[in-house]
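# Fold and contact review
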Amino acid sequence: MNQASLSKTHARNLGLERRLARALEGEVRFDAFTRGRYATDASIYQIVPQGVVFPKHEADIAASLQIAAQHGVPVIARGGGTSQNGQPIGDALILDMSRHFNAIRDYDPAAKTISVAPGLVLEQLNAHLKKDGLFFPVEPSTASRCTIGGMAGNNSSGARSLRYGKMVDNVVAMRALFPDGEAFALGEAGVGDNSSVRARDLMTRMLALANGHRDAIEAIFPKVQRRVGGYNLDELLPARPNLSHLLVGSEGTLAITTEATLKLSPLPTHRVMGVCHFPSFRTAMETTRHIVALGPVAVELVDNNVLVLGADIPLFVRTLADITRGQPNCLLLVEFAGDDLAELKRELRRLDQCMADHGFADAVVEVVEPARQKPVWEVREACLNIMMSMKGDGKPVSFIEDCAVPLDHLADYTDAITALFARHGTRGTWYAHASVGCLHVRPILNMKDEAGVKAMRGIAEEACELVRRFKGSYSGEHGDGISRSEFVEPMFGGPLTRAFEAVKDGFDPDNRLNPGKIVRPLRMDDRALMRFPPGYATPIPASTALDWSDWGGFGGAVEMCNNNGTCRKLSGGTMCPSYRATRDETHVTRGRANTLRLAISGQLGPDAFTSPEMKQTLDLCVSCKGCKRDCPTGVDMARMKIEFLSHYHGKHGLPLKERLIAWLPRYAPWAARLAPLMNLRDRVPLLARLSERWLGFSARRSLPLWRKPWLQTGKVAVAADVQGDGRDIVLFGDTFNRYFERENLEATERVLAAGGYRVHKVQAQDGGRPLCCGRTFLSAGLVDEARAEARRTLDALAPFVARGARIVGLEPSCLLTFRDEFSAILPKDEVEPMAKAAFLLEELLAADLKAGTTSLPMRDQGGRVAHLHGHCHQKAFAAMGAVEATLRAIPGLDVRPIESSCCGMSGAFGYGAATIDMSFAMAELSLLPAVRQAGAGDLIVADGTSCRHQIHDGAARQAVHVVRVLDMALESQPVPASAAPSGLSRSN
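In short, a report on the structure. (Residues numbered from 1 in each chain as written. Predicted model: local features only at pLDDT ≥ 70, side-chain atom pairs only at ≥ 80, totals over all residues. Heavy atoms only, no water.)

This paragraph deals with the pairing of strand 18 (residues 428-433). In terms of burial, strand 18 is largely enclosed, as six of its six residues are buried. Alignment of strand 14 (residues 298-302) against strand 18, held across three bridges, turns out to be antiparallel. Of the residues in strand 18, the one forming a bridge with L301 is A432. Bridge count for strand 18 against strand 19 (residues 438-446) is six bridges, and the pairing is antiparallel. In the sheet register, G428 faces strand 19, and the bridge partner there is P443. Counting the residues in the hairpin turn of strand 18 and strand 19 gives four residues, including G437, whose phi is positive at 65 degrees. (Buried < 20%, exposed > 50% of the residue type's maximum accessible area, 1.4 Å probe, protein only. Helix = DSSP H or I, 4+ residues; strand = E, 2+ residues; numbered from the N terminus. Pairing = 2+ DSSP bridges.)

Checked against the element boundaries, P179 lands in the loop between strand 8 (171-177) and strand 9 (183-187). Expressed as a C-alpha distance, the spacing of P179 and F554, which sit 375 residues apart in the sequence, is 43 Å.

Our focus in this paragraph is the state of the cysteines. In the structure shown here, the tally under the stated rule is zero disulfides. This cysteine, C438, is not joined by any disulfide, and C403 carries the nearest cysteine sulfur, 8.1 Å off. Here C772 is not cross-linked by a disulfide; its sulfur's nearest cysteine counterpart is in C773, at 4.9 Å. (Disulfide = S-S within 2.5 Å.)

Right, let's talk about the environment of T735 for a bit. Within the secondary structure, T735 sits in helix 31 (residues 735-740). Residue classification places T735 among the buried positions, given a relative accessible area of 9%. In this structure the C-alpha to C-alpha distance between T735 and C814, which are 79 residues apart in sequence, comes to 8.8 Å. Non-local contacts of T735, meaning those with residues more than four positions away in its chain, are made with L664, P665, A668 and C772. (Contact = heavy atoms within 4.5 Å.)

Of all the positions in helix 5 (residues 122-129), only L122, L125, N126 and L129 are classed as buried. All buried residues of helix 5 project into a common sector of 95 degrees when viewed along the axis, lining one side. On its buried face, helix 5 sits against strand 5 (104-108), strand 6 (113-116), strand 7 (134-135), helix 6 (148-154) and strand 11 (256-263). (Arc of directions from axis to C-beta.)

What sets the pattern is the α-helix's 3.6 residues per turn: residues three or four places apart point alike. Its 12 residues place the ends of helix 14 (residues 370-381) 16 Å apart at the C-alpha level, agreeing with the 16 Å of an ideal helix rising 1.5 Å per residue. If you check which residues of helix 14 are buried, you get Q373, V376, W377, V379 and R380. For helix 14, the angular spread of buried residues about the axis comes to 150 degrees, placing them on one side. Turned more than 90 degrees from where helix 14 packs its buried face, A371 and K374 sit exposed. (Expected span 1.5 Å × (residues − 1).)

So, to be careful, I would describe these as geometric facts and stop short of saying anything about function.
Right, here's the structure in full:
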């Protein structure tokens, strides 16, 4: 894809765009940036579409089909865009079903059926069903973002298919549209009553076609559960076939699904897990069939690559430490489910005995508690993305991803594939469904290099022969797409392939729907179809403001996004709050990363990187750092935004509003002296309106009140004061707490003193204004100014750290800059000692309380409830456990974490007139409703100054920092006559 081809295509399709825009209620986009974002899925391929439509209802889809046909443009339906083989991409009109076309329709809990629109996300469906004790049991690892339509298109399965089968086993009926927009329905009773004669005649021909190839189907279709290649002609052979099953697995090549009716299953009352440890990969494969004989629900592989790489990913470190003992080569996660917990525990004992019988005594870690099982499954579900976190150009590549073989051949097959990789000079990664012989395997190849592409072709052809020899299926779960459609004929033979072509021609005689997939395929090694075509490079920008050497450059960091779509999840974790509020691919980490990659590789034109369109793409990134923790491949969009803004503002200049925010730490000492004047804005409505018009600060948002600052009273510390016995603390007073909430720093002094620490107050070596982390400058892309602040702070604090002092701060976004961006703007070897010595207050206290090196005398709070909201940066740096532990050290305090994403304030984001609505929309997703439900006497605890501000403005509640809670609970503090709403009772 290049700028010339994008412009030419756009000009050709202006008529199509205009007609669609007039005919549809849903949005229509044909701009280069949107089309670039929809040019990829989670595969190695990239094909720019001709335009994107966001249908709101079936009439929009029908009109899109009809208008596209008149313009000779193919149509592709797309769900979450998480496919591994290029299914939802192509030179076509894309219908994004996920944004609007996602309703739950008919639901019958008694009959255990539900009808849904294809854009519904699986996790949302199961959340809806849980109250009735039901669930949809086809659960792929992408459940948090994959859609029902995409699952039906690929005939998905998942970890528990051993018991529940594939998608085709759980679909009752489907409604769909032919390529010309005509509706029809298929199901257990045949063709729907409202369907046309055309649909009835077509299905009569399909039944005859299947019956005519009965012998070949019975002889050649693989006899393994995981077979999703070609079309499901085998499903038409029973005496009473469910005709909708022909559409399942058809990858949108036959019709556009508008509704799926699904079969539901009872949700098991209990699940238990045994984590089986193995010294080698082969021993795990040899033992799998014996474990399956015990009747588990799932047997999932976690290979050595995941264990090694996962140990360096903050999201998974604690979980892996919990479930592994010693140094296993790989693990099998074995799950049993049912309604009798005692019986399930006996199953675990039988599993332990089975392992011992095969030479692996004491090799099972039992995980019975649901709270422990959930993170284990999250590790398993992230296996692919953990392996994709490998830095550099060599990555595990999907194309023989999910071949499936009978369990009796599993060990020999995996040995043969390993040897095949070695012959081509590489190695592979393995994970997934050992229970059904469907191991996801990816050789590590450099797809930017012609040699890597040639190796891919050679490996694919030889692997196909191996699968045939072992009587398996070449496509076991993820479908055919571009990667594997070429191998349909080698696997099924000429006659059945011609039958598949007859199926396609019967439904879609003009080849309008997702052409080049399953039959008459595109070439899988055509580099022109790939994300990294010949000549691909990332020369933009010519130099960077930040250090990206750990990724091999800025381009390498951007390319860490493999489009897996974890950022599209709608609950849990932090990432990505702007997508959760908008459901727009533009405003999700993946969409931003794709746009950056296209821009820095010149595919959107020479000036795209610093264009207004690029800025619009990043405008709603609130730099929450959620992706730094939640993204399994380690995409850090907040840092990338700093890099972008440094170039954008360098070219276009810095607006006054951003300038005022960025330079806040520099002018704060003078502004504080004029506090009465500075605070007039919120008291005089005219001033608020003028600040909105002239500066861009929303008149609906209060501003922080300037206060008499926290002062460096007493002796200014010198490094020689540090005694090096672990009790020395340098208290870092950030700008926000210093000038707006000094009581937090004053409380910190009291709490640290009560804990027996020596508190040192440090000045800059120049003796001037207070030290600063540079965060406000970074938020505006002013990297040189941030570097100057970081250097000034490092020079002042390094001597104290060298003598054994620890640095403690209160504001997460400020203090954690020492551990994060400092290493990107200063030499790493200088920054590292200070980064290791820098702690949030609760991190320090939690560690020392646990170690027994400190104690805090506190009064019992008699069951007082504290609702805890975590700052995004605390979550990103795994500090929330320390926050909870510190609060739970207060006797009688009932700590209740709020499950929330970003509060939406995010520094200056929530102050903007252009962004305040989005700010509140993010807060309303979970945080503000939870705060409103809190009792009038409950505490609301939030460590971020922005978070407290959002809670105040959005829910009219006063939130407090953790240190205020600790301070008010100290026995040394006097008991007030009547506690303030945010206070704690001092009575025993």
